Every structure is written in structure tokens, then in C-alpha cells.
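# Inside the fold
The primary structure of each chain is shown beneath.
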Amino acid sequence: LNFTFLLSLKMSNRFYKMRDVLLNNLHLSPKLEEIAYQMGLNRNKLNEKFKVLFGDTVFAWLREQRLQRARELLQDKTLSIQEIAEQVGFTSQAQLSRMFKLRFGQSPREYRISVIENNPLC
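What comes next is a walk through the structure.

### Some words on the overall build of the protein chain
Helix and strand counts for the protein chain stand at 7 helices and 0 strands. Secondary structure elements of the protein chain occur, N-terminal to C-terminal, as α-α-α-α-α-α-α. For the protein chain, whose C-alpha radius of gyration is 17 Å, the value lies well above the compact-globule estimate of 14 Å for 122 residues. Dimensions of the protein chain, computed from the C-alpha atoms along their principal axes, are close to 60 × 25 × 20 Å. Split into buried and exposed, the 122 residues of the protein chain put 31% on the buried side.

Encoded structure:
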């Protein structure tokens, strides 16, 4: 094994750990500069390497994870849409609704109603 390969393997492991931290803390809103500093990279290199590993830039990936988690949480009728927005890191219910509709073609409320209608056990 050569040194460059070991170095890139070590960096990849750091990226996977960073991804896990982001995934387990969706409610937080980290700054790209802070993440880049922690990783020892500038913003552009961070996004470039993250995209190679995970298919998207840091915040595009993070937004998708938040939306997917919100979609899961919408199946729980006991949580308000505002609570879900807060749990997954959106600044407001309106922001969640706007992004959710862009991604899934319906509002969180419409999605929740369709899930309940199609699965009365929810």
C-alpha cells in the first residue's frame, strides 16, 4: 500500500464519521466553514470530496436526509408539522413545507393525509 492510498483511506473514514454525526444531529445547523475547518479542508474541497463519496454536496445531502426523515416522522400523527420541522433542522414549518413540496410534489399535510388514508393503522 502506498502512502497516498492510506492518506485517502484515512480521509474517507473521517468523511464517513462526519456524515454519521450530521445524520444523528439533523436538528443542528452547522456552518460549512466549521465543518471544513474540522476536516482540515476549504469549503470547495470539502464539497468536492463529499460529493465523490456521497453523491451530493454537504448541504444538498443534508437537506435530502432532513426531508426523508420528515417524511418518516409525518407518519406519526402525534407530532405536529412544526415539531417535525424542528426535529429535522428546518427553521420553520413554512421552510419545511416549501422544501417538502418541491421534493415530493405535495405539502407535508397532504402527504400525511394520503399516508393515513392509505394505511388506517397509522
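### Digging into the nonpolar core
Formed by 16 residues in total, the largest nonpolar core has its most connected members in F15, M18, M39 and L46. Mapped by element, the contributors of at least two residues to this core are α1 (3–23), α2 (32–39), α3 (43–54) and α4 (58–73). Setting aside chain neighbours within four positions, we find L46 in contact with F15, M18, L32, I35, A36, M39, L41 and V58. With 15 residues, the next largest nonpolar core counts A70, I81, F104 and Y111 among its residues.

### Thoughts on the environment of I84
As for its placement among the helices and strands, I84 is situated in helix α5 (residues 81–87). Since its relative accessible area comes to 0%, I84 is described here as buried. The spatial distance from the C-alpha of I84 to the C-alpha of P108 is 9.9 Å, given a sequence separation of 24 residues.

### Thoughts on the packing of α2 against α3
Two elements in contact, α2 and α3, have axes whose closest approach is 9 Å; the angle formed by their N-to-C orientations is 80°. By the angle between their axes, α2 is roughly perpendicular relative to α3. Residues L32, E33, I35, A36 and M39 of α2 pack against R43, L46 and N47 of α3. Here the residues of the contact of α2 with α3 are counted per class, giving 5 nonpolar, 1 polar and 2 charged.

### Side note on α2
Looking at α2, one finds that the buried residues are L32, I35, A36 and M39. Seen from one end, α2 has its buried residues packed into an arc of 100°, which puts them on one side. Facing away from the buried side of α2, by more than 90 degrees, are the exposed residues Y37 and Q38. G40, located one to two residues past α2, shows a positive phi value of around 75°.

### Focus on the environment of T91
Its place among the elements puts T91 in the loop between α5 and α6 (93–104). Separated by 24 residues in the primary sequence, T91 and V115 have C-alpha atoms spaced 25 Å apart.

### As for the pattern of salt bridges
In total, this model carries 5 salt bridges according to the counting rule given. With a closest N to O distance of 2.3 Å, E33 and R43 form a salt bridge. With E33 in helix α2 and R43 in helix α3, this residue pair connects regions lying 10 residues apart in the sequence. Of the charged contacts in the structure, one is a salt bridge between R69 and E72, with a shortest N-O distance of 2.8 Å. One end of the pair, R69, and the other, E72, are both in helix α4, 3 residues apart, so they sit about a helical turn from each other. By relative accessible area, R69 is classed as partly exposed at 34%.

Rules used in this analysis
Residues numbered from 1 in each chain as written. Predicted model: local features only at pLDDT ≥ 70, side-chain atom pairs only at ≥ 80, totals over all residues. Heavy atoms only, no water. Helix = DSSP H or I, 4+ residues; strand = E, 2+ residues; numbered from the N terminus. Rg over C-alpha atoms; globule rule 2.2 N^0.38 Å. Buried < 20%, exposed > 50% of the residue type's maximum accessible area, 1.4 Å probe, protein only. Core = buried A, V, L, I, M, F, W, Y, C linked by side-chain atoms within 4.5 Å. Contact = heavy atoms within 4.5 Å. Axes fitted to C-alpha atoms, helices over the stretch in contact; angles between N-to-C directions. Parallel < 35°, antiparallel > 145°, perpendicular 65-115°, else oblique. Nonpolar A, V, L, I, M, F, W, Y, C, P; charged D, E, K, R; others polar. Arc of directions from axis to C-beta. Salt bridge = Lys/Arg side-chain N within 4 Å of Asp/Glu carboxyl O.

So, to be careful, I would describe these as geometric facts and stop short of saying anything about function.
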